[in-house]
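Each chain, letter by letter, is given below.
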Amino acid sequence: QEQLVESGGGLVQPGGSLRLSCAASGSIFSLRAMGWYRQAPGKERELVAFISSGGSTNYADSVKGRFTISRDNAKNTVYLQMNSLKPEDTAVYYCNTGVTHSGGYYPNNYWGQGTQVTVSS
């Protein structure tokens, strides 16, 4: 069974920064793409960013230039550095392993508990 543990969320004021971490187990991490999703109350879960096994990255337009996804294969961990946070970034953030194909990201069937990010003054 694959296990994903997200951490690093919290309460931050607009303009602040947070770094989320996702530790993965149960898979061959270095061969997997990794993605970050978020879900706000009353909204559908959306893909925020993903990184391929080769290190190529992609971002949703809403976070481009503010968020950075990275990975450390030695630690089986993927990160999401979030800068210049806005109230509309408030959501539960989830990570997932998956694959990339034709420029898209396709997650597996496992979802962890997520980590809450709240941006408010």
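Look up a bit, the structure's there.
It should be emphasised that the depicted structure is a prediction, and the values quoted were computed from it without experimental measurement.

Undergrad: Where do I start with the packing of aromatic side chains in this structure?
TA: The way to describe two aromatic rings as a pair is by their centre distance and the angle between their planes. Evaluated as defined, the whole model comprises 4 aromatic pairs. Centroid distance Tyr37 to Trp111: 4.9 Å. Interplanar angle 85 degrees. Geometry classified as edge-to-face. A residue pair is termed long-range when its members are at least 10 positions apart, and Tyr37 in strand β4 (residues 33–39) and Trp111 in the loop between β10 (104–107) and β11 (115–119) qualify at 74 residues. One aromatic cluster is present, built from ring pairs that chain together Tyr37, Phe50, Tyr94, Tyr105 and Trp111. The ring of Trp111 has Arg45 sitting right over it, with the charged end atom 4.3 Å from the ring centre. Taking NZ or CZ as reference, Arg71 lies 4.6 Å from the ring centre of Phe29, over its face.

Undergrad: Would you mind going over unusual backbone geometry with me for this structure?
TA: Note: most peptide bonds trans; most residues except glycine with negative phi. Phi at Ser84 takes a positive value of approximately 50 degrees, unusual for a residue other than glycine. Among the secondary structure elements, Ser84 is positioned in the loop between β8 (77–82) and β9 (91–101). Its identity is not glycine, yet Ser102 carries a phi of approximately 50 degrees, on the positive side. For Ser102, a relative accessible area of 70% corresponds to the exposed category.

Undergrad: Could you clarify how one ought to interpret the pattern of salt bridges in this entry?
TA: Here the idea is simple: oppositely charged side chains can pair when their charged atoms come close. Under the defined criterion, the tally for this structure stands at 4 salt bridges. For the salt bridge of Arg38 with Glu46, the shortest nitrogen-to-oxygen distance reads 2.7 Å. For Arg66, the salt bridge is made with Asp89, and the minimal N-O distance between the two is 2.8 Å. Of the two residues, Arg66 sits in the loop between β6 (57–59) and β7 (67–72) while Asp89 sits in the loop between β8 and β9, which places them 23 residues apart along the sequence. No difference in accessibility class separates Arg66 from Asp89, as the two residues are buried. Among the ionic contacts, a cluster of salt bridges with common partners joins Arg38, Glu46, Arg66 and Asp89.

What counts and how
- Residues numbered from 1 in each chain as written.
- Predicted model: local features only at pLDDT ≥ 70, side-chain atom pairs only at ≥ 80, totals over all residues.
- Heavy atoms only, no water.
- Phe/Tyr/Trp six-rings, centres within 6.5 Å; stacked < 30°, edge-to-face > 60°.
- Helix = DSSP H or I, 4+ residues; strand = E, 2+ residues; numbered from the N terminus.
- Lys NZ or Arg CZ within 6 Å of the ring centre and 35° of its normal.
- Buried < 20%, exposed > 50% of the residue type's maximum accessible area, 1.4 Å probe, protein only.
- Salt bridge = Lys/Arg side-chain N within 4 Å of Asp/Glu carboxyl O.

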